[in-house]
Amino acid sequence: MDFKSELLKSIWYAFTSLDAEHSGKVSKSQLKVLSHNLYTVLNIPHDPVALEEHFQDNDNGPVSSHGYMPYLNKYILAKTKEGTFDKEMFDDLCWMMTSKKNFKLSTDTGVCSQKKNSFKLFCLFNLLSEDRYPLVIIQPELEYLLKKISTAMNQEWDSKPLESLLSQNSLLQEGMSVWEFLEYMNIEKLMKIPCKEAFTLALNDVFMEMYHSVLKKGYMVKKGHVRRNWQERWFVLKPSSMAYYVSEDLQEKKGEIALDQSCSVESIPDKEGKRCLFSVKTPNRTYEMSATDQKQRVDWIQAVQTALRLTQENKRSLHQDLKLQRREQREKDLLIQKDLFIERNQADEPIVQDNKDEVKQKMQKEDIKQKVDTKQKTSKEDISKKENMEKAERKDIQEKIDSIIKQKELEEQRRQKEEQEKKEQKQIQRGLEERLEELKMEKETMQTQIAEMEQEAKELKEKIQELEITQHELENILSTQTQARREEERARSDLERQLQEEQEKYQQLLNDWRNSERSSEEEQGHESRKEEDTLLKHSSTEEHTSSGSITSTPSRSPPPQSGSPPQKDGQLELSAESSVKPPPEPLDVPALPEKHKKHIQKEKPSNQDALRNAKQWNVRLNCLMKPITPGDRLEHWIPIKAICPKQGQALTSTEFITKLQPSSRKEGEEFHEESDTVNQSEAEILEAPANIQEQ
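### What to know about the overall build of the chain
Of regular secondary structure, the chain possesses 16 helices and nine strands. Residue burial in the chain is summarised as follows: out of 695 residues, 29% are buried. If you take every contact in the chain between residues at least 6 apart in sequence, the share linking residues at least 24 apart comes to 64%.

Right, dumping it as structure tokens:
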């Protein structure tokens, strides 16, 4: 069956759907709409004027299918090219037009209630139907389709429902229309359907195999051409091409292998850790693929070889080829049956002829006897010739009978061989079924293992997610700690910088304080010198005044002792000045501790009293630094008080020494103690900044 006859089957359904009156004719307006839709679906440039020009001489009304065929062949089918349009969309258009009028099911719960299932069964029916109109499918083709669907459902086809249906309705033995086929399929009178979902999946596989000419499909691992890595791909093998996709949803196509007469397929040894390898060689490139197991590799190689054979024979589909082979085989069987029937009739005719010959021979014998009696002139040679002729005829008849018997024996032998082959096929089928059961068990075990592995994978994913969450939390904590550490370091650096600035300020203040201290000491020293000068002047005036009140005899200084150098007044004054120095007043230092402040406040009055007493003693010492009597000497001249114990009377040297020496010693010790406390307070004041810096 060629390509145009396939299209005509679907167009015939669309044309008959427009014939509402069942008269076999359709109006021109409806044919225009049908033609326009066919132009659009078949991807042909539309010519709206062609229909009017074709039927311009015919104004008799509606057009029959015979009248529409010339236009259809000339303007539509002659312009169609295979591969330029989507055939499934074309059949869907014809199915939509005819199903609205003719497709009516008795129940809506069957497998044909789904539009996709009914459309696919419609397409498969057209593929296997006979090339005569109205279109029907005969019993062998129907059995072939039902067996394919049952095999795809992994169950054995039961022929009892079909046989019972054909026995009830003898008209169905000549053929079944598509609407009867869909109705009986829907109510499960052709085959038992335990599961609708399984039937839908099986029908989809059979539809892809028979309608779309898919020889084989499945996952394989393919070696790349550029990166040379192995990737899993979904392969779809057709007679002219072998396409491969990312997944079985056929959304992303990765490439296609064009198959022609120059291509070849062969198995290759295992390498690179891959097993079950084979290659498809084309003139431009060699494709290397890895099947799942050895059986799949053999199946793929055989399928590719079948595709290459079909391309070499210029055949579009394997199932079209098989359909033609089945049709030729049926025609041969019919011819054989006719020959057998004719031979049987011929075998019956010689037997009847033999009986007639015997009667004739008897009649002839009687006639001969009469002739012999009446006419004795006949010769014996004529009689022998007749007998020889009769024997030859008998031999020919016997040979024909023997040949017929031999043919029967050959037929019986052939039938026995066929029965033996059927038994062997049944055994093979049983072995395959057992193998399928084993594979099912293995598949179930693999599915359970896969489920367990998926569960383990889920648990591992959950653990990984928990670890990622903890890692994220630890990273957040670490980031907060590092940020806090950085802030602490920043604060520490700020504090160090502030402390350094404070130290620099403190050092500057300390230097200023020392400079001010030095300047104050210098000023105090200068003032003390001025006061001493004034006191010395004042004391000299007092001496002059006191000399008049004392005795008029001149006082003499005691003679110097032996070995001791004489002392002058200037030296005594310098020694007195050097021995008694006024202590410096304590200065206020900023930011001193409280204990140092309290100690300095306690020492301030005592230091002031010591300075005051020191000034008085200097004045008195200068007044008394003269020898009293010649014989009395002391190692150290002791200062005396300005007020004498006896007024108006002069004291001798011995009396002065005995009365005033203890008190002077006590006052000297008190002076030294006060000077030690002042020096100690000054040392504490100088050490205070260092202690503050350490703290």
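Next comes the rest of the write-up.
### Some details on helix H10 (residues 196–210)
Under the 1.5 Å per step criterion, the end-to-end length of H10 is 21 Å for 15 residues, consistent within 8% with the ideal 21 Å. Looking at H10, one finds that the buried residues are Phe199, Ala202, Leu203, Val206, Phe207 and Met210. The buried residues of H10 occupy an angular sector of 140° when the element is viewed end-on, so they sit on one face. Across H10 from its buried face, at more than 90 degrees, point the exposed residues Glu197 and Leu201.

### Digging into the packing of aromatic side chains
Taken as a whole and assessed by the stated rule, the structure comprises 15 aromatic pairs. Here the aromatic rings of phenylalanine 85 and phenylalanine 90 are separated by 6.5 Å at their centres, their planes lie at 75°, and the arrangement is edge-to-face. Each member of the pair phenylalanine 85 and phenylalanine 90 is classed as buried. Taking the centre distance of 5.6 Å and the plane angle of 40° together, the rings of phenylalanine 235 and tyrosine 244 count as tilted. A residue is classified by how much of its surface remains accessible, and tyrosine 244, at 7% relative accessible area, is buried.

### Some words on the confidence of the model for the chain
The share of residues in the chain with pLDDT of 70 or more is 67%, and the mean pLDDT across the chain is 75. Overall, residues 631–638 carries pLDDT values under 50, and its contacts beyond four positions in sequence, including any with other chains, amount to 18 contacts. In the predicted structure, residues 640–648 sits below a pLDDT of 50 and forms 11 contacts with residues beyond four places in sequence or in another chain.

### Examining the sheet that holds strand E4 (residues 230–237)
An order of E6-E5-E4-E3-E9-E8-E7 is seen for the seven strands of this open sheet, with the pairing classed as antiparallel. Each end of this open sheet is capped by a strand with a single partner; those strands are strand E6 (253–258) and strand E7 (264–267). Adjacent strand axes in the sheet meet at a mean angle of 35°, parallel and antiparallel pairs treated alike. Judged from the five bridges that link them, strand E5 (residues 241–245) and E6 form a sheet pairing that is antiparallel. If you follow alanine 243 over to E6, its bridge partner there is glutamate 256.

### Concerning the nonpolar core
Core analysis: the biggest nonpolar cluster contains 42 residues, and Ile149, Met176, Phe181, Met185 and Leu190 have the highest contact counts within it. Contributions of two or more residues to this core are made by helix H6 (115–128), helix H7 (139–152), helix H8 (160–168), helix H9 (178–186) and H10. Considering each element in turn, this core owes the most residues, eight residues, to H6. Every residue in contact with methionine 176, bar those within four places of it in the chain, is listed here: Phe125, Leu135, Val136, Ile137, Leu142, Leu165, Phe181, Tyr184 and Leu190. Membership of the second largest hydrophobic core comes to 28 residues, among which are Leu8, Leu31, Leu34 and Ile44.

### Points about the pairing of strand E8 (residues 277–281)
With four of five residues buried, E8 lies mostly within the body of the structure. Bridge analysis of E7 against E8 gives four bridges, and the strand direction is antiparallel. When the bridges of E8 are listed, glutamate 266 appears paired with serine 279. Sheet analysis places E8 next to strand E9 (residues 286–290), joined by five bridges and oriented antiparallel. Bridge pairing in E9 places lysine 281 opposite threonine 286. Counting the residues in the hairpin turn of E8 and E9 gives four residues.

How each quantity is defined
Residues numbered from 1 in each chain as written. Predicted model: local features only at pLDDT ≥ 70, side-chain atom pairs only at ≥ 80, totals over all residues. Heavy atoms only, no water. Helix = DSSP H or I, 4+ residues; strand = E, 2+ residues; numbered from the N terminus. Buried < 20%, exposed > 50% of the residue type's maximum accessible area, 1.4 Å probe, protein only. Contact = heavy atoms within 4.5 Å. Expected span 1.5 Å × (residues − 1). Arc of directions from axis to C-beta. Phe/Tyr/Trp six-rings, centres within 6.5 Å; stacked < 30°, edge-to-face > 60°. pLDDT = per-residue confidence, 0-100. Pairing = 2+ DSSP bridges. Axes fitted to C-alpha atoms, helices over the stretch in contact; angles between N-to-C directions. Core = buried A, V, L, I, M, F, W, Y, C linked by side-chain atoms within 4.5 Å.

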